[in-house]
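Observations on the three-dimensional arrangement
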Amino acid sequence: LNQNRPANDQLELLPTGLLKHHCCYPTCPMYLQNLKSEKDKRAELAQGKKGSRVAGARRNGLFKHLSPMMFPEATDEQRYIPLVHSIGAQLPTHQGPREFSQSLVKTLQTQLKNRPAAKHLGDNWFRIGLEDVHNDFKSLGNTRR
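So, here's what we can say about the structure.

About the thresholds
Residues numbered from 1 in each chain as written. Predicted model: local features only at pLDDT ≥ 70, side-chain atom pairs only at ≥ 80, totals over all residues. Heavy atoms only, no water. Core = buried A, V, L, I, M, F, W, Y, C linked by side-chain atoms within 4.5 Å. Buried < 20%, exposed > 50% of the residue type's maximum accessible area, 1.4 Å probe, protein only. Helix = DSSP H or I, 4+ residues; strand = E, 2+ residues; numbered from the N terminus. Contact = heavy atoms within 4.5 Å. Axes fitted to C-alpha atoms, helices over the stretch in contact; angles between N-to-C directions. Parallel < 35°, antiparallel > 145°, perpendicular 65-115°, else oblique. Left-handed = near helix turned anticlockwise from the far one by under 90°. Salt bridge = Lys/Arg side-chain N within 4 Å of Asp/Glu carboxyl O. Expected span 1.5 Å × (residues − 1). Arc of directions from axis to C-beta.

**Structural notes on the nonpolar core**
Membership of the largest hydrophobic core comes to 17 residues, with the highest contact counts inside it found for Ile 81, Val 84, Leu 104, Leu 108, Leu 121, Phe 126 and Leu 130. Counting residues per element, the ones that place at least two in this core are helix 3 (84–88), helix 4 (97–111) and helix 5 (124–139). Here the element with the most residues in this core is helix 5; it accounts for 5 residues. When sequence neighbours within four positions are dropped, the list of residues in contact with Phe 126 reads Ile 81, Val 84, Val 105, Leu 108, His 120 and Leu 121. Residues Cys 23, Cys 28, Leu 62 and Leu 66 belong to the second largest nonpolar core, which totals 5 residues.

**A closer look at the packing of helix 4 against helix 5**
Put simply, helix 4 and helix 5 touch, their axes get as near as 9 Å, and they point 110 degrees apart. One element, helix 4, and the other, helix 5, form an angle in the roughly perpendicular class. When the axes of helix 4 and helix 5 are compared, the crossing they make is right-handed. For the pair helix 4 and helix 5, contact is made by Pro 97, Phe 100, Ser 101, Leu 104, Val 105 and Leu 108 and by Phe 126, Arg 127, Leu 130, Glu 131, Val 133, His 134 and Phe 137, respectively.

**Points about the pattern of salt bridges**
Scanning all chains against the criterion turns up 4 salt bridges. For the salt bridge of Asp 9 with Arg 5, the shortest nitrogen-to-oxygen distance reads 3.0 Å. Residues Asp 9 and Arg 5 agree in their burial class; the two are buried. As a salt-bridge pair, Lys 41 and Glu 38 come within 3.3 Å of each other at their nearest N and O atoms. Separated by 3 residues within a single helix, Lys 41 and Glu 38 lie in helix 1 (residues 38–48), roughly one turn from each other.

**Looking at unusual backbone geometry**
Non-glycine residue Leu 32 carries a positive phi angle of around 65 degrees. Given a relative accessible area of 17%, Leu 32 falls into the buried group.

**Remarks on helix 4**
Across its 15 residues, helix 4 extends 21 Å between first and last C-alpha, which sits within 8% of the 21 Å expected from 1.5 Å per residue. Of the residues making up helix 4, those classed as buried are Phe 100, Ser 101, Leu 104, Val 105 and Leu 108. Buried residues of helix 4 fall within an arc of 125 degrees about the axis and therefore sit on the same side. Turned more than 90 degrees off the buried face of helix 4, the exposed positions are Arg 98, Lys 106 and Thr 110. Tucked inside the fold, the buried residues of helix 4 contact helix 3 and helix 5.

Below, the structure is given as structure tokens:
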């Protein structure tokens, strides 16, 4: 995909399986568009300067785009559950999807204990979706044992 993209708009795949500054939802009108904010761009430039300690991991533009999924009125599959990809990328996928899902939910229950998203960890739509997350990580080669 990057072959036909401008040098300043390359897709960057993160270890979590998500793209750094581009929307990953195929049905979204902003799919694969660069959502890097001006602050994100400035942070990347500052990171490139010698001696700078500015974090290059800023993704404010992308998360602003995703923020409606965090609103209380977002329901079911539209809802964002934080940390799924970050924690999922650290779990072994050599087990089946069921064991992977159980481990992920257990860790999320601890990590999201006092956050609103915690109450949705038992939702059926979420548990079913975790099977896809397992398959995605497996296809990315995450086979930690």
